[in-house]
Amino acid sequence: MSISLANVNAREWITKTREGVKPWTEFFNFNKFKVPKSVAPVPKRVVRNIEQFQSNYLFVFGGLIVFCILTSPLLLVAIAACLGACYIISLKNQERKVRVLGRELSLAQQYAAVGLCSFPLFSLAGAGSAVFWVIGASFFVIMLHASMYMTVEEAEMIELEMEEVQTL
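Calculation criteria
Residues numbered from 1 in each chain as written. Predicted model: local features only at pLDDT ≥ 70, side-chain atom pairs only at ≥ 80, totals over all residues. Heavy atoms only, no water. Helix = DSSP H or I, 4+ residues; strand = E, 2+ residues; numbered from the N terminus. Rg over C-alpha atoms; globule rule 2.2 N^0.38 Å. Buried < 20%, exposed > 50% of the residue type's maximum accessible area, 1.4 Å probe, protein only. Areas by Shrake-Rupley, 256 points an atom, 1.4 Å probe, with all protein chains shown as cover. Patch = residues over 30% accessible without salt bridge, like charges linked within 9 Å, V, L, I, M, F, W, Y side chains within 5 Å. Salt bridge = Lys/Arg side-chain N within 4 Å of Asp/Glu carboxyl O. Polar contact = N/O pair within 3.5 Å; in protein donor to acceptor, adjacent residues only side chain to side chain. Contact = heavy atoms within 4.5 Å. Core = buried A, V, L, I, M, F, W, Y, C linked by side-chain atoms within 4.5 Å. Arc of directions from axis to C-beta. UniProt positions renumbered as here; feature names shortened; annotations may be inferred. pLDDT = per-residue confidence, 0-100. Expected span 1.5 Å × (residues − 1).

A.B. asks: Residue-level account of the overall build of the protein chain, with values.
C.D. replies: Regarding its fold elements, the protein chain presents eight helices and two strands. Reading the protein chain from its N terminus to its C terminus gives the helix and strand order α-α-α-α-α-β-β-α-α-α. Relative to a compact globule of 168 residues, whose C-alpha radius of gyration would be 15 Å, the protein chain shows 24 Å and is clearly more extended. Judged by the C-alpha coordinates and their principal axes, the protein chain covers about 90 × 35 × 25 Å. Taken over 168 residues, the protein chain has a buried fraction of 23%. Only carbon and sulfur atoms are counted for the fraction: they give 69% of the accessible area of the protein chain, which is about 12,300 Å².

A.B. asks: Tell me what's going on with a nonpolar patch on the surface, and back it up with residues and numbers.
C.D. replies: On the surface, Trp-13, Leu-58, Phe-61, Ile-65, Val-131, Phe-132 and Ile-135 cluster together into a nonpolar patch covering about 670 Å² of accessible area. At the level of secondary structure, the elements contributing two or more residues to the nonpolar patch comprise α4 (54–70) and α7 (127–148). Tracing the backbone shows Ile-65 in helix α4.

A.B. asks: Can you explain the side chain of Asn-93? Please cite residues and give values.
C.D. replies: Relative to the assigned elements, Asn-93 resides in helix α5 (residues 73–95). Polar contacts involving the side chain of Asn-93 include one to the main-chain carbonyl oxygen of Ile-89, which spans 2.9 Å. Not counting residues up to four positions away in its chain, the partners in contact with Asn-93 are Val-98, Leu-107 and Gln-110.

A.B. asks: Tell me about the nonpolar core, and name the residues and values.
C.D. replies: Of all hydrophobic cores here, the largest spans 11 residues; its members are Cys-68, Leu-75, Ala-78, Cys-82, Ile-89, Val-114, Phe-122, Ala-125, Ala-127, Ala-130 and Val-134. Among the secondary structure elements, those contributing two or more residues to this core are α5, α6 (107–125) and α7. Take this core: its biggest share by element is four residues, from α5. The contact partners of Ile-89, leaving out residues within four places of it in the chain, are Leu-107, Gln-110, Tyr-111 and Val-114. If you look at the next biggest cluster of nonpolar residues, it comprises 10 residues, including Phe-27, Val-46, Tyr-57 and Leu-64.

A.B. asks: Give me the lowdown on helix α3 (residues 42–52), citing residues and values where you can.
C.D. replies: Residues of α3 that are buried include every one of Arg-45, Val-46 and Asn-49, and no others. Viewed along the axis of α3, the buried residues span an arc of 100°, placing them on a single side of the element. In α3, those exposed residues whose orientation departs by more than 90 degrees from the buried face are Pro-43 and Glu-51. On the buried face of α3, the contacting elements are α4, α7 and α8 (152–167).

A.B. asks: Can you tell me about the UniProt feature "transmembrane region" (unreviewed entry) in the protein chain, naming the residues and giving the values?
C.D. replies: Under the local residue numbering, the UniProt record ascribes the feature "transmembrane region" (unreviewed entry) to residues 57–90 and 111–144. When the span residues 57–90 is considered, its composition is 94% helix and 0% strand, and the gap between its end C-alpha atoms is 34 Å. End C-alpha atoms of residues 111–144 are separated by 40 Å, and the span's content is 97% helix alongside 0% strand.

A.B. asks: Could you give an account of the confidence of the model for the protein chain, naming the residues involved and the relevant values?
C.D. replies: The predicted model of the protein chain averages 88 in pLDDT, with 96% of residues at 70 or higher. Averaged pLDDT values for the elements of the protein chain fall to 74 in α8 and rise to 95 in α7.

A.B. asks: I'd love a proper account of α5, names of residues and values included.
C.D. replies: The periodicity of an α-helix, 3.6 residues per turn, causes residues three or four positions apart to be oriented the same way. The end-to-end C-alpha distance of α5, which contains 23 residues, comes to 33 Å, matching closely the 33 Å that a straight helix rising 1.5 Å per residue would cover. Listed as buried for α5 are Leu-75, Ala-78, Cys-82, Ile-89 and Asn-93. Those residues of α5 hidden inside the fold are in contact with α4, α6 and α7.

A.B. asks: I'd love a proper account of the side chain of Arg-45, names of residues and values included.
C.D. replies: Turning to its location among the elements, Arg-45 is positioned in helix α3. With a relative accessible area of 3%, Arg-45 lands in the buried category. Engagement of the side chain of Arg-45 in a polar contact is seen with the backbone oxygen of Lys-34, the distance being 2.7 Å. For Arg-45, the contacting residues outside a window of four places in its chain are Lys-34, Val-35, Pro-36, Ala-146, Ser-147, Met-148, Tyr-149, Met-150, Thr-151 and Glu-154.

A.B. asks: Which residues make up the environment of Leu-75, and what are the values?
C.D. replies: Structurally, Leu-75 is set in helix α5. Each C-alpha atom of the pair Leu-75 and Ser-123 lies 9.3 Å from the other, and the pair is 48 residues apart in sequence.

Below, the structure is given as structure tokens:
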């Protein structure tokens, strides 16, 4: 899939993020999930796992956004209405410039008007609570994974301990 963004930085970030996705079998390797023996290694574990699985966590966040939108029909209708209005504006501007009260409006001004008019619609649809639900659920899922998934160093230490027990 080719990316046709005008902004070079955005294109580079998307490419870097896409390349940084670890295999999902590694992400969901339940053999590497272990409750830490104490609270001390948790911050180090969280930092290492966030560095290692940053792109995967971004996909988890995106998945929760999609889940939230699909399970909220009113929010889905509000988004469709807003996107539909933007599409109609783009079609109208291809034919001729839109004039209001004898004054020509730029495309950006028209999109701003759609955005302003959509605030009450999104408010009625519960977009604010959906945003906070997505943030909270993402934080919970990501922190749960990051705190329970053993780092490479911890896995090597456990393997060494197992080898020592087997040689005794």
